[in-house]
Structures are given as C-alpha cells and as structure tokens.
Amino acid sequence: MPFLESVYHSVIDETFLDMGRSVILHLNPEIEQDTVTQSQPAPQQYNPFFGRTPVPNTNTRNPGVKITHRDVQYDAHIVVGPLKAEEDTQGIGDLLDNEARATLVIEALPHLQQTLSVSIEGRRYSLEETRPIGFTTRRYVICFLKEIQETEPPTPDITVG
C-alpha cells in the first residue's frame, strides 16, 4: 500500500504542476490598529452659533482602524459546469452552469475556512462545501463552488436606471 500511495500522490502532485490553474481565495479582511489616525486630534463638534469652531474631520470611515484585504493563490484542478452526469468520465457528477469544483492541496483547508469568495478566471464563486480526499491519507480537498451573481457598480449618470 505505501508504494501505491506514493504513486498516487506523485501523479496528483505532478498534475497540479502541469495542468493546474490558478484559484484566488478572498479571505476575511484583517483589521488592525492604525496609529496614524489615532494620533490625530479628536474631531470637534460643529456649532453653527460659533463660526470659528472647526468642522469634524475624519479621513477614514473607521478612524483608528486599518483594514487589510487578504488574497491567497493556489494551483488547483478545476471543473466548471455545465456537465451532465451521463457525459462524466472523471467521476465528478452533475454540474449546473453556475457551479464549479476545484481540487486543492490539504494545506489550503485553513484558508478555505476563512474564505469569503473564490475567483476562478475572473468569475467569482461562493464556497458551498469542502470534502477532504486521498488514497489512504487525506492530502487533497475538493471544493464545491456556486457562482455569485454580482450586480454592476452604480453609474454616476442619473439618466441610467
């Protein structure tokens, strides 16, 4: 069994290098203390009866807090739907046109637990389910993904919409 397991892992790892495509995991943003905005003087309360009192000045939405967006990139085996079960030769199963499946290394599991969304070739997906797989030991994880319907950003043109 150890020989078969080593062959299995070497073949799968080689396919990650040769045929793997990039997957970007968008993680929860990291919130930390921002000393630059905390060291500024506190904003003054505006009083219309005293014209010389300064208007409150806050230069960020969360004064004293710095938000850092985090993304992690992995190589993965990706299958994007639609795929009917009768056309399936790889054992993947039924995939709708807005579904995808990706196989990643098991080291991605902690990042998958913090994932807000996943980007595959410019399309954004939400993580539905993860399933660890392997020959005798679980060294890979299959992710079941569903496409997010994002709306277009608002336009400054008031005649549209």
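About the thresholds
- Residues numbered from 1 in each chain as written.
- Predicted model: local features only at pLDDT ≥ 70, side-chain atom pairs only at ≥ 80, totals over all residues.
- Heavy atoms only, no water.
- Core = buried A, V, L, I, M, F, W, Y, C linked by side-chain atoms within 4.5 Å.
- Buried < 20%, exposed > 50% of the residue type's maximum accessible area, 1.4 Å probe, protein only.
- Helix = DSSP H or I, 4+ residues; strand = E, 2+ residues; numbered from the N terminus.
- Contact = heavy atoms within 4.5 Å.
- Pairing = 2+ DSSP bridges.
- Axes fitted to C-alpha atoms, helices over the stretch in contact; angles between N-to-C directions.

Caption draft 1: Molecular detail of the nonpolar core. Membership of the largest hydrophobic core comes to 18 residues, with the highest contact counts inside it found for Val 23, Leu 25, Leu 104, Ile 120 and Leu 145. Contributions of two or more residues to this core are made by strand S1 (21–33), strand S2 (65–80), strand S3 (99–105), strand S4 (115–120) and strand S6 (138–147). Residue contacts for Leu 25: discarding those within four places in its chain leaves Arg 70, Asp 71, Val 72, Tyr 74, His 111, Leu 112, Thr 115, Ser 117 and Val 118.

Caption draft 2: Structural detail: unusual backbone geometry. In this structure, Glu 121 is a non-glycine residue whose phi angle is positive, near 50°. Mapped onto the secondary structure, Glu 121 falls in the loop between S4 and strand S5 (123–134). Judged by its relative accessible area of 56%, Glu 121 is exposed.

Caption draft 3: Just the sheet that holds S3, in detail. With antiparallel pairing, the 6 strands of this closed barrel are ordered in space as S1-S2-S3-S6-S5-S4. The average undirected angle you get between the axes of adjacent strands in this sheet is 45°. Taken together, the 3 bridges between S4 and S5 define a ladder with antiparallel strand orientation. Opposite Val 118, over in S5, you have Tyr 125 as the bridge partner. The sheet contacts of helix H1 (residues 2–19) involve S1, S2, S3, S5 and S6, and relative to S6 the element is tilted by about 45°.

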